[in-house]
Amino acid sequence: MLASGWTLALALASVIPWREVQPGLERAEFLAARSGPLSRVRIVALRLDPCRVRLELVERSRDEGTLGAWAVDSLPDQAMLAFNAGQFRGGAPWGWHVRDGVEVQPPGSGTLAMAITLGASGRVSLVTPAEIPALRTNVRAAFQSYPTLLVDSVPPRELRAPGRGVDLMHRDSRLALGTTSSGQVLLLLTRFEAVAGIGSTLPYGPTIPELATLMRRLGATRAVGLDGGLSSQLAMRERSGALVKWTNWRLVPMGVVGRAVTKCYG
């Protein structure tokens, strides 16, 4: 049932082609598969060291807070990366939302509703629903998303067989966030490669199980999907200052921005 997802790693390059973009930030690009439905889907991956790149939440809405207004085009001059955050409902983030140590919104429910916490030390953690209660008064910032892709390098039971509440066959453009056993943060964006670059934002890409496979292949032990489809967007700044971005059609109410720091705190 999930053979196409969990054998996908066999089609990938044996070594991920990471290259340094700036201190603490690396980038890799490759096709998701050598043949089959993902052979025209490009993976854009970033790997960052939270000791060198500090992530911050940025919020922006319009029409009296009913619609999102943020995009990676808003990346500040001094920042090195940006991407859209978790799932949204109208002009507000869905689920748990902590800003400057204050809980703005309680956690959302769902077995696959993983939280992303940004600690005072800069550490980025992916937190399962069962782990959220112990952290509700002890994080600098947090947001929530779904579905969970990996916990301890294994996909949750809902992703391992059909009929468990997740559409395992649907293909879409994706954005995912993960963490490694050493604390690095991984981002993965997909883009469809059409003739002459036309249709790069076409909402076509991996299934959810295939996305879990790709994140595990990058080295993630925990991973979660962020808002994909027409929301998925990513931007990064090269050492030269040149801005590289993968934009999309939908504005969102919250994004994540990464800024360079000179030391790791805590």
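So, a few notes on the structure that sits alongside this text. (Residues numbered from 1 in each chain as written. Predicted model: local features only at pLDDT ≥ 70, side-chain atom pairs only at ≥ 80, totals over all residues. Heavy atoms only, no water.)

Quick look at the overall build of the protein chain
Line of reasoning, step 1. Within the protein chain, the secondary structure is distributed over 2 helices and 21 strands.
Line of reasoning, step 2. Computed over its C-alpha atoms, the radius of gyration of the protein chain comes to 17 Å, within 12% of the 18 Å expected for a compact globule of 266 residues.
Line of reasoning, step 3. Dimensions of the protein chain, computed from the C-alpha atoms along their principal axes, are close to 45 × 45 × 40 Å.
Line of reasoning, step 4. Scored against the burial criterion, the 266 residues of the protein chain give a buried share of 53%. (Helix = DSSP H or I, 4+ residues; strand = E, 2+ residues; numbered from the N terminus. Rg over C-alpha atoms; globule rule 2.2 N^0.38 Å. Buried < 20%, exposed > 50% of the residue type's maximum accessible area, 1.4 Å probe, protein only.)

Looking at helix α2 (residues 208-218)
Line of reasoning, step 1. Counting buried positions along α2 gives 9 out of 11 residues, so the element sits mostly inside the fold.
Line of reasoning, step 2. Restricting attention to buried positions, one finds in α2 the residues I208, P209, E210, L211, A212, T213, L214, M215 and L218.
Line of reasoning, step 3. G219 occupies a position one or two residues after α2 and carries a positive phi of about 115°.

With respect to the sheet that holds strand β20 (residues 243-246)
The strands making up a sheet associate through backbone hydrogen bonding, with each pair oriented either parallel or antiparallel.
Line of reasoning, step 1. Strand order in the open sheet formed by 5 strands is β4-β21-β7-β19-β20, with antiparallel pairing between adjacent strands. Of all strands in the sheet, those with a lone pairing partner are β4 (53-59) and β20, marking the two edges. Mean inter-strand twist for the sheet, computed between neighbouring axes without regard to direction, equals 15°.
Line of reasoning, step 2. With 3 bridges connecting them, strand β7 (residues 79-84) and strand β19 (residues 234-237) associate as antiparallel partners. By the bridge assignment, F83 is partnered in β19 with L234. (Pairing = 2+ DSSP bridges. Axes fitted to C-alpha atoms, helices over the stretch in contact; angles between N-to-C directions.)

As for the sheet that holds strand β14 (residues 141-145)
Line of reasoning, step 1. Spatially, the 5 strands line up as an open sheet ordered β11-β10-β14-β12-β13, and their pairing is antiparallel. Only two strands of the sheet have a single partner each, and these edge strands are β11 (102-105) and β13 (124-127). With direction set aside, neighbouring strand axes in the sheet form an average angle of 25°.
Line of reasoning, step 2. Where strand β12 (residues 114-118) lies against β13, 4 bridges are found, and the strand directions are antiparallel. Following the sheet pairing, I116 is matched in β13 by L126.

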